Amino acid sequence: MSNDEVSAFLTEYPDVQTIELLITDLNGVVRGKRIERELLEKVFAQGFYLPGSVMALDATGTTVEETGLGIEAGDQDRVCFPIPGTLAIVPWQGNDRAQALVSMFDADGEVPFLADPRQVLARVVEKFSALNYTPCVAVELEFYLVDRERDANGLLQPPISPVSGRRMNSKQVYSMDDLDDYDFFIREVLDTAHAQNIPADAVVAEYAPGQFEVNLPHVTDPLEAADHAVLLRRVIRQVARKHDMEATFMAKPYIDESGSGTHVHVSLLNDAGENIFAAEDPLLHPPLRYAVGGLLQMADSVQALLCPNINSYRRLAPGAYAPTSYTWGYDNRTASIRIPSGEIEATRIEHRMSGADTNPYLAVAVVLAGIGEGLMKQIEPPEPITNNAYDQDHPQLADNPRDALRAMEANEEISAWFGEEFLRIYSICKWSEVSLFERQVTELEYSLLLPYL
């Protein structure tokens, strides 16, 4: 962003005094710092510094020293620059707050810091550009609203609607009554998103009490699509907090209810602006088949990126609309890769493997890498499925972090797309989290074993 643009923003919003500079870590957690108004032009021109160890944090927010980005290297700074087009007001903070997304570079400010997930996506986009196609990308986000008070057992529970006075307990997918009960929340999410130039355009009630999905429209810049997803998640959480609720993007907050996913839709445009996936029968159309073939061939080796937390794998249960197998099909939500129905010109791939807890930059990067690999190598997919994939015998995707991480580490194609250094750091951080969780003794273990052993 030029200084002229910054000046125009400050002129338009004279009450803004503080600007939040935001970056996502490996887990998609938003981090950063705040600056005062008088420093904004300098930051946009010269950048500002954050420690590179921000990209070596585990789920607890602790630096994983084995990455080499912490104390061993002196906890060195990297320079961050704001991303053009992301400077916007922060409506839930009143009139005096603004924010901007930033991306990280090496200390000299010239070389992208490849442990930054946004820079990982930028690397994939650059490699993908060799195909001479323009990706058209949209992201759908599923989430739960939960009461800030826990139930009698200390567990999560749906909120009480201030409109109806009842606690949501229905499983009426696409229910208009549920939307009406939370219309105040939905309207404020959409209004707040639009105030921040985030083009959220639809909300539906999903398969469980308190579960919703919000859609973003297709854009021809994959980085912008992921930026929108990151910022929209922040909006949803903050608006929920304003109304004394919590919004969670955990993949499986309730073990007996549907999990939440992040669905990435992609079509590809040629130089004439034509969708190369469009065909009377997309299941027989070579470009689309190759793209699906690449996605399914790489599926195991990217599972660790799409399912970043222990909780992510609890979502991968048969019958719960979460992908569990190497499958694809036409208008089939039990498959991992869905080709939605609709107008021929709008033919696209819906990638359904990511949990709601995925980092949007990595989710979009995974989809583009898989499509790119398939098109470059003309990889044929297995036969498309019909009916219920869960009742059929198909090879299964990795359903635990150990298998997923080992598959990622063994795949050379993944390294070529994402970079060895990024994968090294990511892998170390995720193995650290596996170890953390495996060192816990759960209440269930006590209740089952303590009385008898």
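All values derive from a computational prediction rather than experimental measurement.

A.B. asks: Looking at this structure, I do not really get the layout of surface pockets. What am I missing?
C.D. replies: Where empty space is left becomes clear once a probe the size of a water molecule has been rolled over the atoms. Considering only enclosed or pocket space, the largest pocket measures out at about 650 Å³ in volume. Around the largest pocket, the lining comprises 20 residues; the ones closest to its centre are N27, G28, V29, R233 and R237. Of all the secondary-structure elements, those providing two or more residues to the lining of the largest pocket are β2 (30-36) and α6 (222-242). Of the residues contributing to the lining of the largest pocket, the split by class is 6 nonpolar, 7 polar and 7 charged.

A.B. asks: In this structure, what is going on with the pairing of strand β7 (residues 134-147)? I would like to understand it.
C.D. replies: Looking down a regular strand, the side chains alternate between one sheet face and the other. Across the 14 residues of β7, 13 count as buried, placing the element largely inside the fold. The pairing of β7 with strand β11 (residues 261-269) spans 8 bridges and is classified as antiparallel. Directly across from L141, in β11, lies its bridge partner T262.

A.B. asks: Explain the packing of aromatic side chains to me, please; I cannot follow it from the model alone.
C.D. replies: Aromatic ring pairs: the centre-centre distance and the angle between the two ring planes describe each pair. Tallied over the entire structure, the rule returns 9 aromatic pairs. Seen in terms of ring centroids, F9 and Y13 are 4.9 Å apart; in terms of plane orientation they differ by 45 degrees. Their pairing is tilted. A relative accessible area of 25% means that Y13 is categorised as partly exposed. Aromatic ring contacts, followed pair by pair, group F143, Y182, F184, F185, F212 and F249 into a single cluster. For the cation-ring pair, K127 lies above W417, with the distance from its terminal atom to the ring centre recorded as 5.2 Å. Between R233 and the ring centre of F249, over which it is positioned, the NZ or CZ distance is 5.5 Å.

A.B. asks: I'm lost on the pattern of salt bridges in this one. Help?
C.D. replies: Opposite charge on two side chains permits them to pair, given that their charged atoms come into close proximity. All told, the structure shown has 20 salt bridges when counted by the stated rule. D183 is the salt-bridge partner of R187, the closest N and O atoms lying 2.6 Å from each other. Of this pair, R187 and D183 both sit in helix α5 (residues 183-195), 4 residues apart, which is roughly one turn of the helix. Two residues, E433 and K430, come together in a salt bridge whose shortest N-O distance is 3.3 Å. With E433 and K430 both in helix α12 (residues 420-438) and 3 residues apart, the pair spans about one turn of that helix. Note on accessibility: E433 and K430 belong to one class, buried.

A.B. asks: Whenever I open this one, empty space enclosed by the protein confuses me. Can you help?
C.D. replies: Counted under the stated rule, the structure contains 3 cavities of 30 Å³ or more. Its boundaries defined by the atoms lining it, the largest cavity holds a volume of some 80 Å³. Around the largest cavity, the lining residues are A304, C307, P308, N309, I310, Y313, P401, L405, K430, E433 and V434. Contributions of two or more residues to the lining of the largest cavity are made by α10 (401-410) and α12. The biggest single contributor to the lining of the largest cavity is α12, with 3 residues. Residue composition of the lining of the largest cavity, by class: 8 nonpolar, 1 polar and 2 charged.

A.B. asks: Can you help me understand the packing of helix α7 (residues 286-297) against helix α9 (residues 360-377) in this one?
C.D. replies: Think of two packed helices as two axes; the pair is described by the angle between the axes and how far apart they sit. Contact geometry of α7 with α9 gives a least axis separation of 6 Å together with a crossing angle of 120 degrees. As far as their axial angle goes, α9 and α7 are oblique. Taken as a pair, α7 and α9 cross one another with a handedness that is right-handed. Between α7 and α9, the contacting residues are P287, Y290, A291, G294 and L295 on the first element and V366, V367, G370, I371, G374 and L375 on the second.

A.B. asks: Could you clarify how one ought to interpret helix α1 (residues 3-12) in this entry?
C.D. replies: Along an α-helix, residues three or four positions apart point the same way, because every turn accommodates 3.6 residues. Within the span of α1, buried status applies to V6, F9 and L10. When α1 is viewed along its axis, its buried side chains cluster within an angular range of 95 degrees and face the same direction. Opposite the buried face of α1, by more than 90 degrees, sit the exposed residues D4, T11 and E12.

A.B. asks: What's the story with the pairing of strand β9 (residues 211-215) in this structure? I'm lost.
C.D. replies: Most of β9 sits out of view: 5 of its 5 residues are buried. Burial of β9 is two-sided: the residues Q211, E213 and N215 facing one way and the residues F212 and V214 facing the other way are all buried. Taken together, the 4 bridges between strand β8 (residues 202-205) and β9 define a ladder with antiparallel strand orientation. Looking across to β9, one finds that A202 is bridged to N215. Joining the antiparallel neighbours β8 and β9 is a turn of 5 residues, in which G210 adopts a positive phi near 85 degrees.

A.B. asks: Help me out: how do you make sense of the side chain of R348 in this one?
C.D. replies: Within the fold, R348 resides in the loop between β13 (337-339) and β14 (349-355). Summary of buried charges: R348 has no salt-bridge partner, and the nearest side chain of opposite charge, E140, is 5.9 Å away. Here H265 takes part through its side chain, which lies 2.9 Å from a polar atom of the side chain of R348. Ignoring sequence-local partners within four residues, the contact set of R348 consists of H218, H265, V266, S267, F277, R338, I339 and P340.

What counts as what
- Residues numbered from 1 in each chain as written.
- Predicted model: local features only at pLDDT ≥ 70, side-chain atom pairs only at ≥ 80, totals over all residues.
- Heavy atoms only, no water.
- 1 Å grid on protein atoms, 1.4 Å probe; cavity = no way out; pocket = protein on both sides within 12 Å on 5 of 7 lines; lining within 4 Å.
- Points joined across faces, edges and corners; volume = space filled by probe spheres on them.
- Helix = DSSP H or I, 4+ residues; strand = E, 2+ residues; numbered from the N terminus.
- Nonpolar A, V, L, I, M, F, W, Y, C, P; charged D, E, K, R; others polar.
- Buried < 20%, exposed > 50% of the residue type's maximum accessible area, 1.4 Å probe, protein only.
- Pairing = 2+ DSSP bridges.
- Phe/Tyr/Trp six-rings, centres within 6.5 Å; stacked < 30°, edge-to-face > 60°.
- Lys NZ or Arg CZ within 6 Å of the ring centre and 35° of its normal.
- Salt bridge = Lys/Arg side-chain N within 4 Å of Asp/Glu carboxyl O.
- Axes fitted to C-alpha atoms, helices over the stretch in contact; angles between N-to-C directions.
- Parallel < 35°, antiparallel > 145°, perpendicular 65-115°, else oblique.
- Left-handed = near helix turned anticlockwise from the far one by under 90°.
- Contact = heavy atoms within 4.5 Å.
- Arc of directions from axis to C-beta.
- Lys, Arg positive; Asp, Glu negative; His and termini not counted.
- Polar contact = N/O pair within 3.5 Å; in protein donor to acceptor, adjacent residues only side chain to side chain.

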